[in-house]
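A closer look at the structure
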Amino acid sequence: MLIIALLISVSLTIAVIFLIVFLWNLRRGQYDDLYTPSVRILFDDKTKTNDHDESR
Amino acid sequence: METLQQTDLVCYHCGEACEDVLWEDSKSFCCYGCKTVYSILHANDLCEYYTLDNAPGVKQVTDGDEGAERYRYLDAADVRKQVVEFDSADFTRVRFFIPAMHCISCIWLLENLPKLAAGVIRAEVNFARKSVCIDFNPQTITLGRVANWLYRLGYAPQINLADETEIAPQIDRSLLVKLAVAGFCFGNVMLFSFPEYLGVDTTDHGWQRIFAWLNLGLSVPVFFYSATVYFKSAFQGLKRLEISIDVPIAAGLLALFLRSSYDIITSTGAGYLDSFTGLVFFLLIGRWFQSRTFESLSFERDFKSYFPLAIYRKAGNDWEAVVIYTLRKDDVIRVRNMEIVPADSILLADEAYVDYSFVTGEARPVLVKRDDQVYAGGRLIGQPVTLRVVQATSQSHLTSLWNNEAFRKSEEQTYQKIIDRAARRFTWVVMGLAVLTGIYWYITVPEQMWLVLTSVLMVACPCALALAAPFTYGNMLRVFGRYGLYLKNADVIERMASVDTVVFDKTGTVTHGDTPEVVFHGVMTPVEYGWVKQLTGSSTHPLSVLVTASIDVDAAGVVTDFREVPGKGIEGVFGEHIVRVGSASFAGVVALSETGGSTVFVSIDGNLRGFFEAKTQVRAGIDTLLARFKNSEIALLSGDNASGEAQMRELFGPNAQLRFNQSPHDKLAFIRELQQQGKRVMMVGDGLNDSGALKQSDVGIAVTDSTGVFTPASDGILTGSQLVNLDRFMTLSRSARRVLLGAFSISFFYNAIALSFAISGHLTPLVAAILMPVSSLSVVGFSILGVRFVASRLPLSADKKHN
């Protein structure tokens, strides 16, 4: 039966980690705009001039 | 004014039909502005813009004196401080609101700003809010130049007083955090409750105890964090001696949590914590669903959003840009064409035309002479003028409207929501039942009394009832949004359902405010038309501008002896012919039917050829809309003079009240008068002059032809083209109420079943765990399908415009 105790503690720990990650992302504003990033990912960079780095 | 299309070529940039085609790279453009944008993009290898969406551009409106000057005021130190979010020696962050943003190409182009403008480090678009966040190096490029770049691309940033005086509203993420915590705990509690559901191994009490305690631990954050909104709201309601829907909810949640804790601590049972956490989770979903509305629209705008942020003030021999609320009496300011006069002031130039249509509802621009007073909020038309301020913006004639008490009351206090009325009855019934049950069990099995009593309170928690309204109205809100009516919140739908009187504003609502229809009565040859256009084209008088726009013949002829007599008309000699355009006396005729100054007479060599008549153009479909209002009373308020009365009487029918020359205060008073007669009033208006009436009315709807521009504070914003569907929207809101009542009866049905279990003392955790989600889901399902059904039955056409 010890294995159940182990499993429960592991699963709870992982779940709590995910919750914390979610809350952290939320606070960073990652869920404020759900539309623009979905479009942005489709833009090609082929015409990119090389004197600026885009990802900052 | 639409003129005949001579060609079916469309502009490569903006997609509008071209009148005079300009060519570049074998692509057609409608105007110089659009062509310029294309050239900029072409030169910088950014033509991918045109491949993402078809003709994605915004028609470029250039109004003369632009260039780098336009946004130079942003570089003045105190103006700059108002606008930027972060500022250091070599890094500045600014966020601009860009109403013109509407498609994928827009996002792409705006985010490629660093490639166009040297010094811009990064640009990031938030499409939902129509804003762009720009990081740049202030040593390489100034703020004014950044704004100017946006303007040149057709994405003029909107910068006004209100956006900058109030701190940008922080997005409220606490509801989502609460929802996340509740969801997390609910999921895990369910997991640990499974052994209980399945009745596994009841001999192994040790494990049951551990699971129960884990559940209790997981419920603590839900009780003390996620559910607090309900406890707070219920407590506040009780303090005011009002029973809202949150009171029975809070009682139910409290009973659930305390009873479960008691059961677990005394190890007499497994508790109902799965029901408890699930309930909070579902309730918060309802709240979240209802709160997600139209982010890029603002419903709380006052005059501040209408005024520009800065103005040029005379400082010695120079002009400096200053923030408007630093203007003091006797400051001398300069206002340019199409700019708003920011404070009540005295005109220092000889004359100017001021358009007050948005402020007073007066459709025609007013001629102001030297030393006359110009009121704040008027829009200057024509040459730049200087003015001397007599009163600061905050004390101006216009802003005094905002001191009215109508602007101070909050709506929640004046309106009793259906849900709260239902909740009150519900609460009394439940309390009565609880007392009766308590007495019964006290007599028969006294030791069971407390358990049964808490059970009754627990299942009486009107979770399904509380979910019905958010989902019905929240869904209806989205349906309305799809058809171009954007409401502030769900409560508006409820108030809209009870409206029995609709009051319309005239200018800008029933009529198109700024584009009157110009008709010529008489006969002229095309050559003569050309002469007239030549003459009117060189005058800035508002009527000349209208006449010029209405003539679709090219201006022609060589004019000699051009003469403009202010307030009278224009004269010019074409070869041997003397052409006079202007008032009846100027054109040399005795006016037979002078119609309030909106006619322009034309005479050639002293012979009257006819006259142009500028008629306010009624919105298409208004007549059929008004004809459909059989059950509601309708009325018209206009800030304009009574010259349009006959036309309006024809539209509104013999019984409607028509009032003209109404000041903003008169309009407010009229609405209040109707309300005192017991009417529920909807006000439909568009200008600042309607602000008071919109606020006072039960439902205030602001009409606009583009959701980007200023609309006064209101309960809803309606796209101009959808005004003809107003009665259908009202019908829909009444249908929504019927759907809601249907959902109520379903929820009462489930509550009755649950109560019968509770009263008889058979409420086990398993029964609660089944009943709770089943009732909630069926109510939510009914609401969503119901709304979809009633919406599909009405003949509405979707609004094609982007939000």
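Residues numbered from 1 in each chain as written. Chains lettered and ligands numbered in written order. Predicted model: local features only at pLDDT ≥ 70, side-chain atom pairs only at ≥ 80, totals over all residues. Heavy atoms only, no water.

In this section: the overall build of chain B. Across its full length, chain B holds 27 helices and 28 strands. Counting the 803 residues in chain B, one finds 54% classified as buried. Of the contacts made within chain B by residues no fewer than 6 positions apart, 68% connect residues no fewer than 24 positions apart. Split by element, the accessible area of chain B, about 34,800 Å² in all, is 56% carbon and sulfur. (Helix = DSSP H or I, 4+ residues; strand = E, 2+ residues; numbered from the N terminus. Buried < 20%, exposed > 50% of the residue type's maximum accessible area, 1.4 Å probe, protein only. Contact = heavy atoms within 4.5 Å. Areas by Shrake-Rupley, 256 points an atom, 1.4 Å probe, with all protein chains shown as cover.)

Looking only at helices and strands, one finds two helices and zero strands in chain A. Expressed as a percentage of its 56 residues, the buried residues of chain A come to 23%. For chain A, the exposed area adds up to about 4,500 Å²; of that, 66% sits on carbon and sulfur atoms.

On to the pattern of salt bridges, then. All names here are of chain B. Using the criterion set out here, one finds 22 salt bridges over all chains in the structure. Between Arg95 and Glu85 there is a salt bridge, with the nearest N and O atoms lying 2.8 Å from each other. Here Arg95, found in strand S4 (residues 92-97), pairs with Glu85, found in strand S3 (residues 84-87); they are 10 residues apart in sequence, far enough to count as distant. For Arg95, a relative accessible area of 41% translates into the label partly exposed. On the basis of relative accessibility, which here comes to 42%, the residue Glu85 falls in the partly exposed class. A salt bridge links Asp715 to Arg495, with the shortest nitrogen-to-oxygen separation between them at 3.8 Å. With a gap of 220 residues between them, Asp715 in the loop between strand S27 (699-704) and strand S28 (716-719) and Arg495 in helix H17 (residues 490-497) connect regions that are remote in the sequence. Across the pair, Arg495 and Asp715 agree in class, each one buried. (Salt bridge = Lys/Arg side-chain N within 4 Å of Asp/Glu carboxyl O.)

The next point concerns the sheet that holds strand S15 (residues 385-389) of chain B. Residue and element names in this part refer to chain B. The strand order across the open sheet built from six strands is S8-S7-S9-S15-S10-S13, with neighbouring strands paired in antiparallel fashion. What marks the edges here is a single partner per strand, and that holds for strand S8 (318-323) and strand S13 (373-374). Here strand S10 (residues 345-347) pairs with S15 via three bridges, running antiparallel. Across the sheet, residue Ile346 finds its bridge partner in S15, namely Arg388. (Pairing = 2+ DSSP bridges.)

Okay, the pairing of strand S24 (residues 633-637) of chain B next. All names here are of chain B. Of all five residues making up S24, four are buried, and the element is well covered by its neighbours. The pairing of strand S17 (residues 501-505) with S24 spans five bridges and is classified as parallel. Across the sheet, Asp505 pairs through a bridge with Leu637, a residue of S24. Direction of pairing for S24 relative to strand S25 (residues 657-659): parallel, over a ladder of three bridges. The partner of Leu637 across the bridge, within S25, is Arg659. You can see the chain leave S24, run along helix H23 (residues 645-652) and come back into S25, and the turn it takes is right-handed. (Right-handed = clockwise from strand over helix to strand, strands pointing away.)

So, about the confidence of the model for chain B. Residues and elements named next belong to chain B. Chain-level pLDDT for chain B is 80 on average; 88% of the residues reach the 70-or-more range. This stretch, residues 799-803, has a pLDDT under 50; its non-local contacts, to residues over four places away or in other chains, come to 18 contacts. At the level of chain-chain contacts, confidence expressed as ipTM amounts to 0.80, with global pTM at 0.76. (pLDDT = per-residue confidence, 0-100.)

Glancing now at the sheet that holds strand S11 (residues 351-355) of chain B. Residues and elements named next belong to chain B. If you walk across this open sheet you meet the three strands as S12-S11-S14, and the pairing is antiparallel. A single partner strand is all that each edge strand has here, and the edge strands are strand S12 (366-369) and strand S14 (379-381). Neighbour-to-neighbour, the strand axes of the sheet open up by a mean angle of 40 degrees, direction not taken into account. By the bridge criterion, four bridges tie S11 to S12 in an arrangement that is antiparallel. By the bridge assignment for S12, Val354 is matched with Val366. (Axes fitted to C-alpha atoms, helices over the stretch in contact; angles between N-to-C directions.)

With that settled, consider helix H10 (residues 228-239) of chain B. Because the α-helix completes a turn every 3.6 residues, residues three or four places apart line up on one side. Residue and element names in this part refer to chain B. Helix length check: H10, at 12 residues, gives a terminal C-alpha distance of 16 Å against a target of 16 Å (1.5 Å per residue), a fit within 8%. The inward-facing, buried residues of H10 contact helix H11 (246-265) and helix H12 (273-291). Leu241, located one to two residues past H10, shows a positive phi value of around 60 degrees. (Expected span 1.5 Å × (residues − 1).)

This part takes up the environment of B:Gly569. Residues and elements named next belong to chain B. Tracing the sequence through the fold places Gly569 in strand S20 (residues 569-574). For the pair Gly569 and Val581, spaced 12 residues apart in sequence, the C-alpha separation works out to 5.5 Å. Dropping the residues within four chain positions of it, Gly569 is found in contact with Arg563, Glu564, Val581, Gly582 and Phe586.

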